[in-house]
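Descriptive structure summary
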Amino acid sequence: MTEAEQEKAPDLNALEQEGEIAADYVEGLLDIADIDGDIDMDVEGDRALVSVVGLKEGTGLVGPEGEVLEALQELTRLAVHRQTGERSRLMLDVAGYRERRRAELTKLGTEIANEVKEKGEPKALHAMTPFERKIVHDAVAAAGLRSESEGEEPHRYVVVLPV
């Protein structure tokens, strides 16, 4: 591995440390809320991934359209930043929500890309989180088209463009 590649490669130890800090923080939140769940930690690409698994339905940790999950993720990132002094790109998942959402959005991105190819007209989607927009952008690119994000947070959305 060249020196440039080493600099770009994620620091596995730092990511594992982020995951451990995040897991401790989330576990504390679960204890406070008296919610039973297990914590899984992993490193996916260049970010730590912490998942709360084994939950009973209706815990409210995901919320409508993942809003509670997004808030918990931001709080967890802040807790990691407070201990490490570094900005975290940590991903928090609850009960497999993000994986299910990824599959839904990949399907949506592919379907919209096919519709735009057929009609030759751009198509704007509803507002999405950065996580959701990235998945749609990737699906559109895989279908051979391009897309852009437009608008301002929290109302930022994807526009799929014809060739």
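Quick look at the structure, then. (Residues numbered from 1 in each chain as written. Predicted model: local features only at pLDDT ≥ 70, side-chain atom pairs only at ≥ 80, totals over all residues. Heavy atoms only, no water.)

Description of the nonpolar core
We apply this condition: For the purposes of this section, nonpolar cores are sets of buried Ala, Val, Leu, Ile, Met, Phe, Trp, Tyr and Cys residues that join through side-chain atoms within 4.5 Å. Only protein chains enter the area calculation, which uses a 1.4 Å probe; residues under 20% of their type maximum are buried, those over 50% are exposed, and those in between are partly exposed. In this description a helix means any DSSP run of H or I spanning at least four residues, a strand means any run of E spanning at least two, and both kinds are numbered starting from the N terminus. Contacts between residues were defined by any pair of non-hydrogen atoms, one from each residue, lying within 4.5 Å.
The biggest cluster of nonpolar side chains holds 18 residues, and the ones touching the most others in it are Leu30, Val52, Leu55, Leu61, Leu92 and Val94. Where this core is concerned, the elements lending two or more residues are helix H2 (12–32), strand E2 (47–53), helix H3 (67–84) and strand E3 (91–94). The element best represented in this core is H2, accounting for four residues. Among residues more than four places away in sequence, those in contact with Leu30 are Ile35, Gly37, Ile39, Val52 and Leu61. Ala113, Met128, Phe131 and Ala143 belong to the second largest nonpolar core, which has 16 residues in total.

Points about the layout of surface pockets
Note the following rule: Here the term cavity refers to a set of points on a 1 Å grid, laid over the protein atoms alone, in which a 1.4 Å probe fits but cannot get out; the term pocket refers to an open set having protein on both sides within 12 Å along at least five of seven lines, with lining residues being those that place an atom within 4 Å of a point. Grid points are joined across faces, edges and corners, and a volume is the space filled by probe spheres set on the points. By the convention adopted, Pro, Cys, Tyr, Trp, Phe, Met, Ile, Leu, Val and Ala count as nonpolar, Lys, Arg, Asp and Glu as charged, and the other residues, Gly among them, as polar.
By volume, the largest pocket is sized at about 460 Å³. Lining the largest pocket we find 18 residues, and of these Arg47, Arg89, Met91, Phe131 and Lys134 sit closest to its centre. Among the secondary structure elements, those contributing two or more residues to the lining of the largest pocket are H3, helix H4 (97–119) and helix H5 (130–142). Per-element tally for the lining of the largest pocket: the top contributor is H5, with five residues. Grouping the constituent residues of the lining of the largest pocket by class yields four nonpolar, three polar and eleven charged. Forming the walls of the second largest pocket are 14 residues, and the residues nearest its centre are Glu65, Glu67, Met128, Thr129 and Glu132. Contributions of two or more residues to the lining of the second largest pocket are made by H3, H4, strand E4 (123–127) and H5. Its residues assigned to classes, the lining of the second largest pocket comprises five nonpolar, three polar and six charged.

Such coordinate-based values are descriptive only and should not be taken to indicate function.
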